[in-house]
Amino acid sequence: MAPARAARQFHEQCTEALLVRLHLFGSLAATGRGHLTDKAAVDALHPLPVKVLFHPEATLPKHPNGMRFEALNAAGDVYSSREVYSVGGGALSDDKESAADTPRYPVASMADMLEWSEDSGNPFWKLVADVEGEDVWAFLKTVYEAMNAAMVRGLEMEGILPGGLRLPRRAQQFKRRAMRLDVGVTRTGRLSAYALAVAEENAAGGVVATAPTCGSSGVVPAVLRFLREQLDASEHEMLQALAIAGLVGNVVKHNASISGAEVGCQGEIGTACAMADAAAAWLLGGSSRHIEYAAGMGLGHHFGLA
């Protein structure tokens, strides 16, 4: 997403280019073809001709996910260029220091959030509503519906995923098998099928909700769907849980990183599990301290992926 967004921005600045050279560095180059990075950028630059160059052994100085756009004129000279970084979850940064942006929330850590919750007597989701305004519920509903739609498509689709490995879709098969097993195994099987359905939609280039990234987009939707089925929760309760999950993801993003290239897979899947744990703790009746503890455990159990 970030390279596509950067490509659109560069296109707007250099509409008359005879050729655009896109240099992908480091992790973006090493995983670019498998992640459809080059295709996404080329599509965003259409109809300009594009030459993509991969530099997996080289990195730009401020982040492992770096890219450089160059606009060439009729003489073959570079008349405009831009270096930009993909810092996780579709976000862009021109320099490392601004990658986390200015914190949007008045409390920047879980400790501060706990203090706010205990002093005010309010649950964490109320902080989201106070900062973002009441329009946040309509936004979260859009996110929630996108998550569920991706899961439905993933559970219905069969066939081969794009890419040279020719991996077959397995989510539908996982769910069928899970439903024939005993209750304990069925629970794990259904959760796995739900998460895999979204992950396969991501691998196929479908629409998913970053939670916090595309690569880890299956975890939060899977846990939310499973718990809604188990608890018969209302839609608004699910949106409250999603708000809390987003708050946890925001804390990690601003205090650490959600970029797998920068901090390892824990930044993506570990954060996703922390977000899902926090949402689950709320839906199961947990207090703010239960939510904080659950989120911490979600991160702690993925330290080996750093």
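In the block above lies the structure referred to throughout.
Bear in mind the structure is a predicted one, so any value in this text is a computation, not a measurement.

A short note on the environment of Phe10
No. 1: Turning to its location among the elements, Phe10 is positioned in helix 1 (residues 2-13).
No. 2: In contact with Phe10, not counting residues within four places along its chain, are Val20, Phe69, Glu70, Ala71, Ser80, Ser81 and Arg82.

A look at helix 13 (residues 288-300)
No. 1: When the terminal C-alpha atoms of helix 13 are compared, their 18 Å separation across 13 residues agrees well with the 18 Å that a helix rising 1.5 Å per residue should span.
No. 2: Considered for burial, the residues of helix 13 that qualify are Ser288, Ile291, Ala294, Ala295 and Gly298. Seen end-on, helix 13 carries its buried residues on one side only, within an arc spanning 125°.
No. 3: Where helix 13 is buried, its residues touch helix 4 (110-120), helix 5 (124-132), helix 10 (235-255) and helix 12 (269-283).

A short note on the packing of helix 9 (residues 219-231) against helix 10
No. 1: Axis separation between helix 9 and helix 10 bottoms out at 11 Å; the angle between their running directions is 150°. One finds that helix 9 runs roughly antiparallel with respect to helix 10. The handedness of the crossing between helix 9 and helix 10 is right-handed. Taken together, the residues of helix 10 that come into contact with helix 9 (itself represented by Val220, Leu224 and Arg228) are Glu235, Met238, Ala241 and Leu242.
No. 2: Of the residues in the contact of helix 9 with helix 10, the class split is five nonpolar, no polar and two charged.

Describing unusual backbone geometry
No. 1: For the bond from His46 to Pro47, the omega torsion is 10°, close enough to zero to count as cis.
No. 2: With respect to the element layout, Pro47 can be found in the loop between helix 3 (37-45) and strand 2 (50-55).
No. 3: Going from Ala211 to Pro212, the amide bond is cis rather than trans, its omega being 0°.
No. 4: Within the secondary structure layout, Pro212 lies in the loop between helix 8 (183-203) and helix 9.
No. 5: In this structure, Asp232 takes a positive phi of about 55° despite not being glycine.

Some details on the packing of aromatic side chains
No. 1: Within the structure shown, the criterion is met by two aromatic pairs.
No. 2: On the basis of an interplanar angle of 65° and a centroid distance of 5.8 Å, the ring pair of Trp125 and Trp137 is categorised as edge-to-face. Remark: Trp137 occurs in helix 6 (residues 136-156) and Trp125 occurs in helix 5; sequence separation between them is twelve residues. This pair shows no difference in class: Trp125 is buried, exactly as Trp137 is.
No. 3: Here Arg33 stacks its cationic end above the ring of Phe54, 3.9 Å away from the centre of that ring.
No. 4: One residue, Arg225, lies across the ring of Tyr194, its end atom 4.4 Å from the ring centre.

Topic: the pairing of strand 4 (residues 78-88)
No. 1: As judged from the seven bridges shared by strand 3 (residues 66-72) and strand 4, these two strands associate in the antiparallel manner. Within strand 4, the position partnered with Glu70 by the bridge is Ser81.
No. 2: Taking the residues between adjacent antiparallel strands as the criterion, strand 3 and strand 4 are bridged by five residues, where Gly76 takes a positive phi near 85°.
No. 3: Examined bridge by bridge, strand 4 and strand 5 (residues 91-93) share three bridges and lie antiparallel to one another. Note on strand 5: the bridge partner recorded for Gly88 is Ala91.
No. 4: Where strand 4 hands over to strand 5, the hairpin turn is made up of two residues, of which Gly89 adopts a positive phi near 70°.

Considerations on the environment of Glu201
No. 1: Among the structural elements, Glu201 can be located in helix 8.
No. 2: Each C-alpha atom, one on Glu201 and one on Leu242, is 20 Å from the other, the two residues being 41 residues apart in sequence.
No. 3: When neighbours within four sequence positions are excluded, Glu201 is seen to be in contact with Ala150, Arg153, Gly154, Met157, Arg169, Gly206 and Val208.
No. 4: Of note is the side chain of Glu201, whose polar atom sits 2.8 Å from the side chain of Arg153.

Reading the values: the criteria
- Every residue gets a number counted from 1 within its own chain, in the order that chain's sequence is written.
- For this predicted model, a pLDDT threshold of at least 70 governs which residues receive local features, and a threshold of 80 or more governs which side-chain atom pairs are given and counted, while totals over whole chains, interfaces and linings are taken from all residues.
- Each side-chain value is worked out from all heavy atoms of the structure, with water and hydrogens disregarded.
- Labels follow the DSSP assignment, with helices taken as runs of H or I lasting at least four residues and strands as runs of E lasting at least two, numbered in each case from the N terminus.
- Contact between two residues is taken to exist if any of their heavy atoms lie within 4.5 Å; hydrogens are not considered.
- Between the first and last residue of a helix there are one fewer steps than residues, each counted as 1.5 Å, and that sum is the expected span.
- Under the scheme applied here, a residue whose accessible area is under 20% of the maximum for its type counts as buried, over 50% as exposed, and between as partly exposed, the area being computed with a 1.4 Å probe on protein chains only.
- Of all possible arcs, the one meant is that of the directions from the helix axis to the C-beta atoms.
- Here the axes come from fitting lines to C-alpha atoms, over the contacting stretch only for helices, and the angles between their N-to-C directions go from 0 to 180 degrees.
- By definition in this entry, angles of less than 35 degrees are roughly parallel, angles greater than 145 are roughly antiparallel, angles of 65 to 115 are roughly perpendicular, and the rest are oblique.
- Helix crossings get a hand from a simple test, with the near helix turned counterclockwise from the far one by less than a right angle marking a left-handed crossing and a clockwise turn marking a right-handed one.
- Residue type decides the class: Asp, Glu, Lys and Arg count as charged, Ala, Val, Leu, Ile, Met, Phe, Trp, Tyr, Cys and Pro as nonpolar, and the leftover types, Gly among them, as polar.
- By convention, a stacked pair of Phe, Tyr or Trp rings (six-membered ring in the case of Trp) has centres within 6.5 Å and planes under 30 degrees apart, an edge-to-face pair has planes over 60 apart, and any other such pair is tilted.
- We call a charge positioned over a ring when the NZ of a Lys or the CZ of an Arg lies within 6 Å of the ring centre and within 35 degrees of the ring normal.
- Pairing between two strands is assigned when DSSP locates at least 2 bridges connecting them.
- Counting of polar contacts relies on pairs of N or O atoms within 3.5 Å, with two restrictions inside protein: one atom must be capable of donating a hydrogen and the other of accepting it, and residues adjacent in sequence are counted only when both atoms are side-chain atoms.

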